[in-house]
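Below, each chain spelled out in residue letters.
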Amino acid sequence: MLDQRLLRDNPQLIASQLARRGLTIDLTGLQAIARLERDLEEQRSALQAEGNQIGKQVGQRIQAGADPKGEEVQALRDRGNAIKQEVAGLEEQEKALEQQLRDALIAFPNLPAAETPDGASEADNVEVKRWGMPRQESGLQEHWQIGERLGLWEAERSVRIAQSRFITLLGAGARLERALISFMLDQHTARGYTEVLPPILVNSASLTGSGQLPKFAEESFRCADDDLWLTPTAEVPLTSLHREEVIPAEQLPLRYCAYTPCFRREAGSYGRDTRGLIRLHQFNKVELYWFCHPANSADAHEQITRHAESILETLELPYRRIELCTGDLGFSAARTFDLEVWLPGAGAYREISSCSVCGDFQARRAAIRFKEGKGTQLVHTLNGSGLAVGRTMAALLENGQQPDGSVLLPAAIAPYFGSDRIGAA
RNA sequence: GGAGAGGUGGCCGAGUGGUCGAAGGCGCAGCACUGGAAAUGCUGUAUAGGGGCAACUCUAUCGAGGGUUCGAAUCCCUCCCUCUCCGCCA
């Protein structure tokens, strides 16, 4: 959420930064509301101060022996009642304005960071670097072909169990998924991340805190009888892990990694990526999350991205780093690096991780502060996939495929999987 | 699902209409004492919003919302949550 003070003092700045995202908004009306709300608050608190004085005086007079029903006390009571009515009127107006303000502000996306390149769409994203040597030979299979051939999962029967865009992993496929989750968590905890296994049903406040609500309700699955949703990413429970807390400054940064299944409706993607593991309503992901001091968030962003990249490098998977332009930035992000893994069967780079710094945007929504010296300040939050597990499996299958039909796995995963190969050697 | 208890500051815990943002204790910080420490003593120690260069000051907040009152942590109503026991269950 954006800062109300910024709206009161410098709405032009907000407008110009949102314009970089392609949003044209006139904020003069909202600014007026914000200022009026502030004025009313000042009037009201002055009245309340007077009312408090009167309350005290009545008590003092009565204790001093004044007649509780006498004229002097009655005059104070009358004034007290008049103030009460005035205050009630002001409060009502204030509440209405506050609601309007909040409804408006909660729907605005984050302001892009200064470093984020301007652009209108995906096409304007900037490639930052490449790592590894992509296999280019022809005749390579796509991961869904390999998976079906080796019996790693059941596509059609999964529709029977749930519906389309769900997958059932079997045998070596299930085992490899489990191995990858363990491998990734071990890599991250070795770097000092605290492993978290959070609830994957989350309440509305949690989704609002991290930015999925109110704008993106249609992207999540909801439990009809409860205020609970299936989490679309571990970013949601991890943000709420410290919601409405004040963290001592010396504890920062707090760094967490979490494996969770993730659930997304994938509305509007009909017909895209219908085969295999790329786009599912339920997928596994290991997420990295930081709460850090504002002074360190830029540095932290590079670190969290490097931590995601190191998984790809340890798994010997060629990738490239893309910096998202303002037009392609997610709702809560100020700056984002996407990592795209090379899929030689498909002959394309595909997103496998997204590493974002959100500044104080989520912290303000979720009221996550830290205490340094006298006052409190909002923390900065960062999140990054480290990595999307199903897409990692897809990348391993395509990159490791051998002429004999088997799949050779990188050395790092072999101890977890129990073998360095899937299929006949 | 049935029965009961309870929600007060970082924690424990007092407080049933009046100057209470809230006793006391613990914890924490600073100072004193000490060669250093322990013990002891003194002082300080919530959050949000407003005003002020600052010292400071005003308003709100004792689970949430509403009501009674000049005045509510304290009385009334509604809701939420937590805990304990029983039942069921991985």
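Residues numbered from 1 in each chain as written. Chains lettered and ligands numbered in written order. Predicted model: local features only at pLDDT ≥ 70, side-chain atom pairs only at ≥ 80, totals over all residues. Heavy atoms only, no water.

**Student:** How do you make sense of the overall build of chain A when you look at a structure like this?
**Tutor:** Helices and strands together make up the secondary structure of chain A, namely 13 helices and 18 strands. Taking 425 residues into account, the globule formula puts the C-alpha radius of gyration at 22 Å, and chain A, at 28 Å, lies well above it. Its C-alpha atoms give chain A principal-axis dimensions of about 105 × 45 × 40 Å. Burial analysis of chain A (425 residues in total) assigns 48% to the buried set. Sequence-distant contacts, at least 24 apart, represent 73% of the contacts inside chain A between residues at least 6 apart. (Helix = DSSP H or I, 4+ residues; strand = E, 2+ residues; numbered from the N terminus. Rg over C-alpha atoms; globule rule 2.2 N^0.38 Å. Buried < 20%, exposed > 50% of the residue type's maximum accessible area, 1.4 Å probe, protein only. Contact = heavy atoms within 4.5 Å.)

**Student:** Before we go on, may I ask you to explain the protein's contact with RNA strand B in this structure?
**Tutor:** Of all residues adjacent to RNA strand B, which total 24 residues, the nearest are Arg8, Glu41, Gly55, Lys371 and Thr376. Atoms of RNA strand B within 4 Å of the protein belong to the sugar or the phosphate in 73% of instances, the rest to bases. Elements with a minimum of two residues in the surface near RNA strand B: helix H1 (4–9), helix H3 (28–63), helix H4 (71–105) and strand E14 (368–372). When residues in the surface near RNA strand B are grouped by element, the largest group, 14 residues, is from H3. Within the surface near RNA strand B, the residues separate by chemical class into three nonpolar, nine polar and twelve charged. (Near = heavy atom within 4 Å. Nonpolar A, V, L, I, M, F, W, Y, C, P; charged D, E, K, R; others polar.)

**Student:** Help me out: how do you make sense of the packing of helix H7 (residues 171–190) against helix H12 (residues 389–400) in this one?
**Tutor:** Packed helices, taken two at a time, are described by the angle between their axes plus the distance between the axes. Two elements in contact, H7 and H12, have axes whose closest approach is 10 Å; the angle formed by their N-to-C orientations is 115°. The orientation of H7 relative to H12 falls into the category roughly perpendicular. Note on packing geometry: the crossing formed by H7 with H12 is right-handed. Facing H7, whose interface residues are Gly173, Leu176, Glu177, Leu180, Ile181 and Met184, H12 presents Val389, Gly390, Thr392, Met393 and Leu396. By residue class, the composition of the contact of H7 with H12 is seven nonpolar, three polar and one charged. (Axes fitted to C-alpha atoms, helices over the stretch in contact; angles between N-to-C directions. Parallel < 35°, antiparallel > 145°, perpendicular 65-115°, else oblique. Left-handed = near helix turned anticlockwise from the far one by under 90°.)

**Student:** Quick question: what am I supposed to make of unusual backbone geometry here?
**Tutor:** What is expected of a backbone is that most residues other than glycine have negative phi and most peptide bonds are trans. With an omega of -5°, the peptide bond running from Leu252 to Pro253 counts as cis. Summarising the element assignment, Pro253 is placed in the loop between strand E8 (245–248) and strand E9 (254–263). You will see that Asp273, though not glycine, has its phi angle at about 50°, which is positive. Overall, Asp273 belongs to the partly exposed group, its relative accessible area being 22%. Positive phi is not limited to glycine here, since Glu316 has a value of about 60°.

**Student:** Would you mind going over the pairing of strand E11 (residues 319–323) with me for this structure?
**Tutor:** Side-chain positions along a regular strand alternate between the two faces of the sheet. Judged by how many residues are buried, E11 sits mostly within the fold: five of five residues are covered. Burial along E11 is two-sided: Tyr319, Arg321 and Glu323 and Arg320 and Ile322, pointing in opposite directions, are all buried. Judged from the five bridges that link them, E11 and strand E12 (residues 335–343) form a sheet pairing that is antiparallel. From the neighbouring strand, Ile322 faces E12, where its bridge partner is Asp338. (Pairing = 2+ DSSP bridges.)

**Student:** When you look at the environment of Thr168 in this model, what are you seeing that I'm missing?
**Tutor:** Structurally, Thr168 can be placed in strand E3 (residues 168–169). When its relative accessible area of 25% is taken as the criterion, Thr168 is described as partly exposed. When the C-alpha positions of Thr168 and Val128 are compared, they lie 36 Å apart, and in sequence the two are 40 residues distant. In this structure, Thr168 is in contact with Leu152, Trp153, Glu154, Ser158 and Ile161, ignoring residues within four places of it in sequence. At 2.7 Å, the side chain of Thr168 forms a polar contact with the side chain of Ser158. (Polar contact = N/O pair within 3.5 Å; in protein donor to acceptor, adjacent residues only side chain to side chain.)

**Student:** Explain the sheet that holds strand E13 (residues 348–357) to me, please; I cannot follow it from the model alone.
**Tutor:** The pairing of strands in a sheet comes from backbone hydrogen bonds and takes either a parallel or an antiparallel form. The strand order E1-E11-E12-E13-E16-E10-E9-E4 describes an open sheet built from eight strands, whose pairing is mixed. The outermost strands of the open sheet, each flanked by one partner alone, are strand E1 (126–131) and strand E4 (194–196). Mean inter-strand twist for the sheet, computed between neighbouring axes without regard to direction, equals 25°. Looking at chain direction, E13 and strand E16 (residues 380–388) are connected through three bridges and run antiparallel. Paired with Ser356 across the strands is Asn383, a residue of E16. Along the sheet, H7 makes contact with E4, E9, strand E10 (282–292) and E16, crossing E10 at roughly 5°. Strand contacts of helix H10 (residues 297–314): E1, E9, E10, E11, E12, E13 and E16, with the helix running at about 5° to E16, the strand carrying the most contacts.

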